Amino acid sequence: MVKHIMIEDVVTAKPNITVKDAVRTLQEKHVGSIVITDDQQRCVGIFTERDAIRIIANEIPLDTTSIK
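Everything numeric in this text was worked out from a predicted model, so none of it was measured.

The rules behind the values
Residue positions are counted from 1 within each chain, in the order its sequence is given. Side-chain atom pairs in this predicted model are given and counted only at pLDDT of 80 or more, local residue features only at pLDDT of at least 70, and totals for whole chains, interfaces and linings cover all residues. Heavy atoms throughout the structure, all of them, feed into the side-chain values; hydrogens and water do not. DSSP calls a pair of strands paired once it identifies at least 2 bridges connecting them. In this text, helices come from DSSP runs of H or I with a minimum length of four residues, and strands from runs of E with a minimum of two, each type numbered from the N-terminal end. The contact definition used throughout considers only heavy atoms, calling two residues in contact when any of these lie within 4.5 Å. Note on method: axes are straight lines fitted to C-alpha atoms, helices fitted across the in-contact stretch only, with angles between N-to-C directions ranging 0 to 180 degrees. Only protein chains enter the area calculation, which uses a 1.4 Å probe; residues under 20% of their type maximum are buried, those over 50% are exposed, and those in between are partly exposed.

## Focus: the sheet that holds strand β1 (residues 12-13)
- Strand order in the open sheet made by the three strands is β1-β2-β3, with mixed pairing throughout. Unpaired on one side and paired on the other, β1 and β3 (43-48) mark the two borders of the sheet.
- Of the strand pairs in this sheet, β1 and strand β2 (residues 33-37) are connected by two bridges, and their pairing is parallel. Residue pairing in the sheet places threonine 12 in a bridge with valine 35 of β2.
- Running at roughly 70° to β3, helix α1 (residues 19-29) makes contact with β2 and β3 of the sheet.

Structure, rendered in structure tokens:
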């Protein structure tokens, strides 16, 4: 069942998190993604390790916010 492999403590962040802070959170929390939530705690996006790789490869500044 999915509930047996599901993470119970989902890591979340607000849309204005910078790429640098998002990558730091991925590393510190030992997760592969961060769910981006609005003020009502609704999911508005996701930031993943793959996003971080794409950002670095495209030389996007690390002070850019993850969700625009």
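Still more to cover.
## Some details on unusual backbone geometry
- Of note, glutamine 41 is a non-glycine position whose phi angle comes to about 65°, a positive value.
- Along the chain, glutamine 41 turns up in the loop between β2 and β3.
- A positive phi is found at glutamate 59, a non-glycine position, where the angle reads about 55°.
- Residue classification places glutamate 59 among the exposed residues on the basis of a relative accessible area of 71%.

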